[in-house]
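Survey of secondary and tertiary structure
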Amino acid sequence: MTTHLVWLRNDLRITDNKALHAACNEPDARVLAVFIATPQQWRRHDIAPRQAALIHASLKQLQQALEQKGIPLYCHQCDDFAASIDWLTDYCAKQQVTVLFYNRQYELNEWRRDQQVEQRLAGRVRCQHFDDSLLLPPGSVQTGSGEMYKVYTPFRNAFIRRLTESDVRCLPAPQPRAGALPIPDAPPAFEYSHADPGEDFPAGEQAALQRLRAFCRQQVQDYLTQRDLPAIAGTSSLSPYLAIGTLSPRQCFNRLCAEHPSVLEERESGAFGWLNELIWREFYRHLMAAYPALCRHRPFIAWTDKVRWRNDESLLQAWQRGKTGYPIVDAAMRQLNNTGWMHNRLRMISASFLVKDLLIDWRVGERYFMSQLLDGDLAANNGGWQWAASTGTDAVPYFRIFNPTSQSERFDPQGTFIRKWLPELADVPDNDIHQPHLWAQKQQLVLNYPLPVVDHRQARLETLAAFEAAKQGG
Ligand code: FAD
């Protein structure tokens, strides 16, 4: 009898899972599945405990769903990647596995681990891997001279051309398999999964699919007008599911097309606007696969590595705790600290503030976001930070510096979002909410809220000087 083993990683779903689907193609094969938690590795890379908890909760549901298909899912904990390779090779030997199926991960460490696994199993176990976590695989969208695009818009245009020629249909969940296999223990609590993932993101594939359906049916048409307003739930909030793979980008694309069949032709529509964001996700992953140095947190624009960051510890703490005296930044950081999610506009504002107002190295912020985010994803997080810090490809130019007060006035005009997270500003009138210290001064009041930790105009000049000095050679 042949035994097929599916190694699940960030693809925690039974529908539209290429590796799982392929493993189940042979009706007589015995199909097993494993998931290996590596808490030491997660800790080293600052994965948020909340994300580990979401993975854990999603695994419980996945185990039950697979059990109904006659596929046992074993969850095992190893310290790090080296131990996981040993464990997996032993397990393949014990279970007499004939074929190992897995979906590729494009991060450098993960890619190297998979290479090692394949080498260790060579000659004994056949390995089949798949490009599953993207609409189009890395390397498949290239310039005429066969290189990765470095600018987003031409990438997107080429991507869409390629997408229309590709088969990106979703795969069904496997059919139930005959023959009873032993039922494995429930996933053990990982050393790192003690946190509460919160109520905003219920675990599992069904929750993700329900949210996707509702968003594509009821909300996506208003996406362009609402996506920048943090007080409104105008975006899909699907990122944690895409990050851990309880949802696939093909599911997103197909659902979007089912509700909005002319999405690719109507470029001014909300549906196209949303697809555009899904393509940003692809862009950053394709970039990471083409430039693995990004996984080592190297800046894309080399001279920016010469910027002399101030890296003031007390300013960093003020930013992390949401106590900078800039309400929009503080509300954003408290949303992140409390829920593990932050609105995209706020990620841009708070990242820009850390780098360009506090002159703190973008990598410090990148790490902090990763340590808090439920949707923490190396490629998207690195891409977002390098964009905001002007160190990335197709990033905001270094001399374009967000003004946190005007961003706040523009995107949270009545301070609805600010008030939600900063109850100490409840009594400040709408017009003054963006600069409460000025209002308090006029009223001769003492607010229980910090004064601005830096003066934006001054900070801007210092940052421009730091970038210009770096550009001229440091
Ligand atoms: P929607 O607006 O509904 O978009 C749909 C999906 O497209 C998202 O779920 C996400 O998977 C993808 N997406 C949207 N915008 C982007 C983008 N700019 N780059 C890449 N993918 C995108 N996203 C993450 O998934 N993980 C991260 O760790 C992450 N870190 C970020 C850090 C910074 C500094 C910035 C500026 C952005 C970061 N983003 C990250 C991108 C973006 O902020 C989130 O994907 C988005 O806010 C998630 O909310 P949503 O699901 O409602 O998005």
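Residues numbered from 1 in each chain as written. Predicted model: local features only at pLDDT ≥ 70, side-chain atom pairs only at ≥ 80, totals over all residues. Heavy atoms only, no water.

1. What to know about the overall build of the protein
For the protein, the helix and strand inventory stands at 20 helices and five strands. The C-alpha radius of gyration of the protein comes to 24 Å, within 12% of the 23 Å expected for a compact globule of 474 residues. With the C-alpha coordinates of the protein rotated into their principal frame, the extents come out at 80 × 50 × 50 Å. Looking at the protein as a whole, 57% of its 474 residues are labelled buried. Sequence separation of at least 24 residues holds for 79% of the intrachain contacts in the protein that already meet a minimum separation of 6. Carbon and sulfur atoms form 48% of the exposed surface of the protein, whose accessible area is close to 20,500 Å². A distance of 3 Å separates the average location of the 52 positive side-chain charges in the protein from that of its 52 negative side-chain charges. (Helix = DSSP H or I, 4+ residues; strand = E, 2+ residues; numbered from the N terminus. Rg over C-alpha atoms; globule rule 2.2 N^0.38 Å. Buried < 20%, exposed > 50% of the residue type's maximum accessible area, 1.4 Å probe, protein only. Contact = heavy atoms within 4.5 Å. Areas by Shrake-Rupley, 256 points an atom, 1.4 Å probe, with all protein chains shown as cover. Lys, Arg positive; Asp, Glu negative; His and termini not counted. Charge placed at Lys NZ, Arg CZ, Asp CG, Glu CD.)

2. What about helix α14 (residues 344–357)?
The first and last C-alpha atoms of α14 sit 19 Å apart over 14 residues, in line with the 20 Å expected at 1.5 Å per residue. Burial analysis of α14 places 13 of its 14 residues in the buried class, the great majority of the element. (Expected span 1.5 Å × (residues − 1).)

3. Topic: the pairing of strand β2 (residues 30–37)
Across the eight residues of β2, seven count as buried, placing the element largely inside the fold. Alignment of strand β1 (residues 3–8) against β2, held across six bridges, turns out to be parallel. Paired with H4 across the strands is V31, a residue of β2. Taking the sense of rotation as the criterion, the β-α-β connection linking β1, helix α1 (residues 18–23) and β2 turns out right-handed. (Pairing = 2+ DSSP bridges. Right-handed = clockwise from strand over helix to strand, strands pointing away.)

4. So, the pairing of β1
A large share of β1 lies buried, amounting to six of its six residues. Across the two faces of β1 the burial is the same, with T3, L5 and W7 and H4, V6 and L8 all buried.

5. Structural notes on the pattern of salt bridges
For the structure shown, the criterion picks out 23 salt bridges. Among the salt bridges present, the one from K150 reaches E147, with a minimum N-O distance of 3.9 Å. Exposure remark for K150: the relative accessible area of 33% places this residue in the partly exposed category. Here E147 falls in the partly exposed class, since its relative accessible area comes to 42%. The salt bridge involving E462 is made with R310; its shortest N-O contact spans 2.3 Å. In this pair, E462 sits in helix α20 (residues 456–471) while R310 sits in the loop between α11 (270–290) and α12 (313–321), placing the two residues 152 residues apart along the sequence. Classification of R310 by relative accessible area gives partly exposed; the value is 38%. If you follow the salt bridges from partner to partner, you end up with R13, D16, D132 and R250 in one network. (Salt bridge = Lys/Arg side-chain N within 4 Å of Asp/Glu carboxyl O.)

6. Considering the sheet that holds β1
Strands sit in the order β3-β2-β1-β4-β5 across an open sheet of five strands; the sheet is parallel. Two strands bound the open sheet, and with one partner strand each, they are β3 (73–77) and β5 (126–130). Recorded for the sheet is a direction-independent mean angle of 25 degrees between the axes of neighbouring strands. Against the sheet, helix α4 (residues 81–94) contacts β1, β2, β3 and β4 (99–103), and its axis sits at roughly 165 degrees relative to β2. Here helix α5 (residues 108–121) sits on the sheet and contacts β1, β4 and β5; the angle it forms with β4, its principal contact strand, is near 170 degrees. (Axes fitted to C-alpha atoms, helices over the stretch in contact; angles between N-to-C directions.)

7. Notes on the site of the ligand
For the ligand, the set of nearby residues contains 28 residues, the closest of which are Y223, T235, S236, S237 and N344. With respect to the ligand, the backbone of L238 contributes an N or O atom lying 3.0 Å from an oxygen atom. A distance of 2.8 Å separates an oxygen atom of the ligand from a polar atom in the side chain of W274. Secondary structure elements with two or more residues in the shell around the ligand: α9 (239–244), α11, α14 and α16 (378–388). Here the residues of the shell around the ligand are counted per class, giving 15 nonpolar, eight polar and five charged. (Near = heavy atom within 4 Å. Polar contact = N/O pair within 3.5 Å; in protein donor to acceptor, adjacent residues only side chain to side chain. Nonpolar A, V, L, I, M, F, W, Y, C, P; charged D, E, K, R; others polar.)

8. So, the packing of helix α7 (residues 205–219) against helix α10 (residues 249–259)
It is the contact of α7 with α10, at a shortest axis distance of 9 Å, that shows an interaxial angle of 35 degrees. In this structure, α7 crosses over α10, and the sense of that crossing is right-handed. Residue-level inspection shows L209, L212, R213, C216 and R217 of α7 in contact with α10, the latter providing Q251, C252, R255, L256 and E259. Among the residues forming the contact of α7 with α10, the class breakdown is five nonpolar, one polar and four charged. (Left-handed = near helix turned anticlockwise from the far one by under 90°.)

9. Overview of unusual backbone geometry
Even without glycine at this site, D46 takes up a positive phi of about 60 degrees. Counting through the fold element by element, D46 comes out in the loop between α2 (39–44) and α3 (49–68). One non-glycine residue, H297, lies in the positive phi region at around 65 degrees. When you line up the elements, H297 lands in the loop between α11 and α12.

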